[in-house]
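Here is how the chains run, residue by residue.
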Amino acid sequence: MSDSVLLRERHGAVLCLTFNRPEKLNAFNDAMSQALIDALAEAEVDRSVRAIVLRGAGRGYSSGQDLEAFMRLRSQPNAVSVAEHLRRSYNVVATKVRGIEKPVIASLNGIAAGVGLSIALMCDLRIAADDVVLTLGFSKIGLVPDGGASLMLPLLAGFGRGLELAWTSDRIDASEAHRLGLVNRVVPAGELEVATLALAQNLAEMSPAAIGLTKRAFNRAMIPHLAQWLENEALLQEEAASGPDLLEGVQSFMHKRKPAFAAR
Ligand code: LHQ
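Residues numbered from 1 in each chain as written. Predicted model: local features only at pLDDT ≥ 70, side-chain atom pairs only at ≥ 80, totals over all residues. Heavy atoms only, no water.

K.L.:
How would you sum up the layout of surface pockets? Please name residues and give values.
P.N.:
Put simply, the largest pocket is a space of about 1,100 Å³. Residue lining of the largest pocket: 41 residues in total, with S63, Q65, L67, A113 and F253 positioned closest to the centre. Those elements that provide at least two residues to the lining of the largest pocket are α2 (67-74), α3 (82-88), β5 (111-113), α5 (114-122) and α12 (245-254). The greatest single-element share of the lining of the largest pocket, amounting to 5 residues, is contributed by α12. Counted as a void, the second largest pocket has a volume near 810 Å³. Lining the second largest pocket are 28 residues, and of these L143, V144, P145, W167 and A240 sit closest to its centre. Listed by contribution, the elements that provide at least two residues to the lining of the second largest pocket are α6 (149-157), α7 (159-168) and α11 (226-241). Per element, the largest residue contribution to the lining of the second largest pocket is 6 residues, and it comes from α11. (1 Å grid on protein atoms, 1.4 Å probe; cavity = no way out; pocket = protein on both sides within 12 Å on 5 of 7 lines; lining within 4 Å. Points joined across faces, edges and corners; volume = space filled by probe spheres on them. Helix = DSSP H or I, 4+ residues; strand = E, 2+ residues; numbered from the N terminus.)

K.L.:
Describe in detail the packing of α5 against α6, supporting the description with residues and values.
P.N.:
At their nearest, the axes of α5 and α6 sit 9 Å apart, and the two run at 55° to each other. When the axes of α5 and α6 are compared, the pair comes out oblique. The way α5 lies across α6 gives a crossing that is left-handed. Residues S118, L121 and M122 of α5 form the contact with α6, whose own contacting residues are A149, L151, M152, L153 and L156. Here the contact of α5 with α6 is built from residues that sort into 7 nonpolar, 1 polar and no charged. (Axes fitted to C-alpha atoms, helices over the stretch in contact; angles between N-to-C directions. Parallel < 35°, antiparallel > 145°, perpendicular 65-115°, else oblique. Left-handed = near helix turned anticlockwise from the far one by under 90°. Contact = heavy atoms within 4.5 Å. Nonpolar A, V, L, I, M, F, W, Y, C, P; charged D, E, K, R; others polar.)

K.L.:
Help me get a handle on a nonpolar patch on the surface, residues and values and all.
P.N.:
Residues F159, L163 and W167 make up a contiguous nonpolar surface patch of about 410 Å² in total accessible area. Secondary-structure assignment places F159 in helix α7. (Patch = residues over 30% accessible without salt bridge, like charges linked within 9 Å, V, L, I, M, F, W, Y side chains within 5 Å. Areas by Shrake-Rupley, 256 points an atom, 1.4 Å probe, with all protein chains shown as cover. Salt bridge = Lys/Arg side-chain N within 4 Å of Asp/Glu carboxyl O.)

K.L.:
I'd like to hear about α7, residue by residue, with values.
P.N.:
The complete set of buried residues in α7 reads G162, L165 and A166. Each buried residue of α7 sits inside an arc of 100° when the element is viewed along its axis, so together they form one side. Next to the buried residues of α7 lie α6 and β8 (172-173). Where α7 terminates, the next one or two residues include S169, which has phi positive at roughly 55°. (Buried < 20%, exposed > 50% of the residue type's maximum accessible area, 1.4 Å probe, protein only. Arc of directions from axis to C-beta.)

K.L.:
Go over empty space enclosed by the protein, please, and point to the residues and values.
P.N.:
Tallied over the entire structure, the rule returns 1 cavity of 30 Å³ or more. Within this model, the largest cavity holds a volume of roughly 60 Å³. Only α5 and β7 (133-135) provide two or more residues apiece to the lining of the largest cavity.

K.L.:
So what's going on with the side chain of T18? Which residues, and what values?
P.N.:
Checked against the element boundaries, T18 lands in strand β2 (residues 14-19). A polar side-chain atom of T18 sits 2.9 Å from a polar atom in the side chain of R55. Setting aside residues no more than four positions away along its own chain, T18 makes contact with V5, L6, L7, R55, G56 and A57. (Polar contact = N/O pair within 3.5 Å; in protein donor to acceptor, adjacent residues only side chain to side chain.)

K.L.:
So what about the sheet that holds β2? Which residues, and what values?
P.N.:
Read from one edge of the open sheet, 6 strands run β1-β2-β3-β4-β6-β9, paired in mixed fashion. Lying at the two open borders of the sheet, with one neighbouring strand each, are β1 (6-11) and β9 (185-187). Averaged over all neighbouring strand pairs, the angle between strand axes comes to 20°, with direction disregarded. Judged from the 4 bridges that link them, strand β4 (residues 104-108) and strand β6 (residues 125-129) form a sheet pairing that is parallel. Across the sheet, the residue bridging to L108 is A128, located in β6. The strands that α5 touches are β3 (51-56), β4 and β6; relative to β6, the one it contacts most, it runs at about 125°. (Pairing = 2+ DSSP bridges.)

K.L.:
Can you break down the site of the ligand residue by residue, with the values?
P.N.:
Not every one of the 24 residues close to the ligand is listed here, only the nearest: S63, Q65, L67, V115 and D146. Contact between the ligand and V115: an oxygen atom at 2.9 Å from a main-chain N or O atom of the residue. Contact between the ligand and K256: an oxygen atom at 3.1 Å from a side-chain N or O atom of the residue. Within the complex, 75% of the 1,000 Å² of free accessible area of the ligand lies under protein. (Near = heavy atom within 4 Å.)

This is the structure we're talking about:
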């Protein structure tokens, strides 16, 4: 699988994985999800990697699923279901990010949307540039949050605020994201790379056993049913995508107009 959509860079014990489709704001196509899955799998067993950073090339972190690519695939006769698409891509990413017993840090610049934001929320820590904008975006295209967002949003921001963000897809800025607990730290945009590496390097120098077992403890305490939850999201997304709203939502996005959803 080509790695050009995902750049790998080592800074000592820190592995930086950079989403690299900047012309699409690093929207995920199948090649990028698979490259991420492969890179995480390798990093998990590579003892020399002691912290992992996920970040985006260009003016954003990620805009989520590549909607054009998704609709193209969906129109093919042998297209997999939406649930199967999630099982093969984002659910594997989410499971890996939580399962790797090393720090996984999302370094957020510009924009994080859709499942790009979900993956960031799945990470252990998030550090954001002060000009970042976060938006879930799913509701605008008739979908439900996936990639683990329906679990991590209420966990990080609380039930009411999480549900509000999921329903409205409001764009929130860095200080609001920080206030809500969605990001750990906010730094000036020009310092994001240096600050992210400093945080990752600091964690990489700590006891790998203490770091890894602490992550296991937090996973067991707060998200013991991750696999079941991700499958639940896949089934709900399948149901959401079976109606007319996904098509209307995506078309409205592509034509840069407001969606007009019919009564259910
Ligand atoms: C894009 C995208 C994109 C393609 C920007 N795709 N081109 C799960 C299961 C099943 C189905 C689908 O998905 C999922 C998981 C998901 O992630 S669903 C949610 C998918 N993501 C979204 O709905 C977000 C869509 N994008 C946006 O709302 C905006 O582009 C954001 C808020 C990310 C950024 O807004 P702006 O800064 O104003 O940039 P822009 O909209 O002008 O985008 C720049 C270009 O990137 C533009 O292309 P163009 O040729 O006009 O320059 C966009 O069409 C393209 N792009 N996101 N997800």
